[in-house]
Amino acid sequence: MMETPCTVVPLAGTRDDDFAQCLLHGLSRPQKEIPCKYFYDEEGSRLYEAICELPEYYQTRTETMLLARHAPEIARRIGPQPEIVEFGAGALKKVRLLLDVVRPRGYTPIDISGDYLMGVTQTLAAEYPGLTLRPLVADFTAALAIPPLPGAHARAGFFPGGTIGNFRPEAATGLLRRMRASLNGGGLLIGVDLVKDPARLHAAYNDAAGVTAAFNKNLLARANRELGADFVPDAFAHYAPYNPTARRVEMYLVSQTRQSVTLRGRRFDFAAGEAVHTEDSHKYTPDSFAELALNAGWRLAAQWRDADDLFMLAWLEAL
Ligand code: AVI
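> I would appreciate a short explanation of the site of the ligand in the present structure.
Not every one of the 15 residues close to the ligand is listed here, only the nearest: Tyr57, Asn166, Tyr205, Glu279 and Ser281. One nitrogen or oxygen atom from the side chain of Asn166 is found 2.9 Å from a nitrogen atom belonging to the ligand. Measuring from an oxygen atom of the ligand, one finds a side-chain N or O atom of Ser281 at 2.6 Å. When its residues are assigned to classes, the shell around the ligand shows seven nonpolar, seven polar and one charged.

Here you go:
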């Protein structure tokens, strides 16, 4: 029997071109900041992939192991003939573990990097004949109206990687609410990094090979490449302490000297030792995450954790 060819139907989305505005705004604030979503240009995405392979960075391999081990039970929770919607889909690596077992009717990967998303979707299409693929180029944090997929029974969201931790708790609640709306209720499979030994967390964000430092400094190199800024990235130091009372890793670029940088005709002065805040990575306990989810209209219906309680895959059901 001939296999049905895979259908790729790109959905209309948005473009993200506000890096200059965000940077001008963020560097004008009393506490200078650059939003972490700008880490992921081509070079930043390459560096993030390298972080995921680091011995100190346990998140990716732990989550991958959990997905592989529990895929049959996850598939039962999701139910037959679903549409999977992935928020911030990236390289479409982890979803393969789900597609192989869940066998969904359709898959909608959402990502802001349009050319990259189209490329990886085409590759996936060749591997999964019969699957309807609807790549959506959009900022996954926005409210998204995703048209229904004919023949799909339910929608299951997929948000792996612990990225929910990169949002402040109030923002994370808002994001989970919008996801609930985009999914028309349904369920959400989400990866959550757990509170643990501070030394382990410190090591994960301060790796010996300096890949996380390069990832952090790439924000400045990106501003030079795309916006003609004149940052000297190595004149800033990577600093990423774990704050155990706030339960988050905080990431900064610290100016090593007194210096000035010009961006779009504006001058920004940095004192020696002045920090630019670039990322927070919040860590949760199963209970604190269940509470966050509840505030967003989700019930923590199932969870899977590794033996060392490093990471949790959570299955949320809409209330
Ligand atoms: C994407 N996100 C879950 C990563 C994290 O661990 O917060 C980003 C990252 N920042 C430094 N290393 C990895």
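Picking up where we left off.
> How should helix H4 (residues 95-102) be read in this particular structure?
Residues of H4 that are buried include every one of Val95, Leu98, Leu99 and Val102, and no others. With its buried residues spanning 100° around the axis, H4 presents them on a single face. In this fold, the buried residues of H4 make contact with helix H3 (59-78), strand S2 (83-87), strand S3 (106-111), helix H5 (114-127), strand S6 (155-159) and strand S7 (187-193). Arg103 occupies a position one or two residues after H4 and carries a positive phi of about 50°.

> Any chance you could explain the pattern of salt bridges here in plain terms?
Side-chain pairs of opposite charge can arise whenever the charged atoms involved come near each other. For the coordinates displayed, the defined rule picks out 19 salt bridges. Residue Asp309 pairs with Arg305 through a salt bridge whose shortest N-O separation is 2.8 Å. Note on Arg305: relative accessible area 36%, which makes it partly exposed.

> So what exactly am I meant to see when it comes to the pairing of strand S12 (residues 266-270) here?
Looking along a regular strand, one sees the side chains alternate between the two faces of the sheet. When strand S11 (residues 259-263) meets S12, the two strands line up antiparallel, connected through five bridges. Among the inter-strand pairings, Ser260 is bridged to a residue of S12, identified as Asp269. Counted between consecutive antiparallel strands, the loop separating S11 from S12 contains two residues, among which Arg264 sits at a positive phi close to 45°.

> Help me understand the confidence of the model for the protein chain in this model?
Where the model shows low pLDDT, its predicted coordinates should not be examined in detail. For the protein chain, the average pLDDT comes to 94, and 95% of its residues sit at 70 or higher. Low pLDDT, under 50, characterises residues 1-5; the predicted model gives this stretch four contacts beyond four residues in sequence or across chains.

> Just to check I follow, could you spell out the layout of surface pockets for this structure?
Unoccupied space between atoms shows up once a probe the size of one water molecule is rolled over them. Each pocket or cavity is described by its volume, and for the second largest pocket that value is around 290 Å³. In terms of lining residues, the second largest pocket is bounded by 12 residues, among which Arg103, Pro104, Pro129, Gly130 and Leu131 are the most central. Class assignment for the residues of the lining of the second largest pocket results in five nonpolar, two polar and five charged.

Here is what the cut-offs are and how they apply
Residues numbered from 1 in each chain as written. Predicted model: local features only at pLDDT ≥ 70, side-chain atom pairs only at ≥ 80, totals over all residues. Heavy atoms only, no water. Near = heavy atom within 4 Å. Polar contact = N/O pair within 3.5 Å; in protein donor to acceptor, adjacent residues only side chain to side chain. Nonpolar A, V, L, I, M, F, W, Y, C, P; charged D, E, K, R; others polar. Buried < 20%, exposed > 50% of the residue type's maximum accessible area, 1.4 Å probe, protein only. Helix = DSSP H or I, 4+ residues; strand = E, 2+ residues; numbered from the N terminus. Arc of directions from axis to C-beta. Contact = heavy atoms within 4.5 Å. Salt bridge = Lys/Arg side-chain N within 4 Å of Asp/Glu carboxyl O. Pairing = 2+ DSSP bridges. pLDDT = per-residue confidence, 0-100. 1 Å grid on protein atoms, 1.4 Å probe; cavity = no way out; pocket = protein on both sides within 12 Å on 5 of 7 lines; lining within 4 Å. Points joined across faces, edges and corners; volume = space filled by probe spheres on them.

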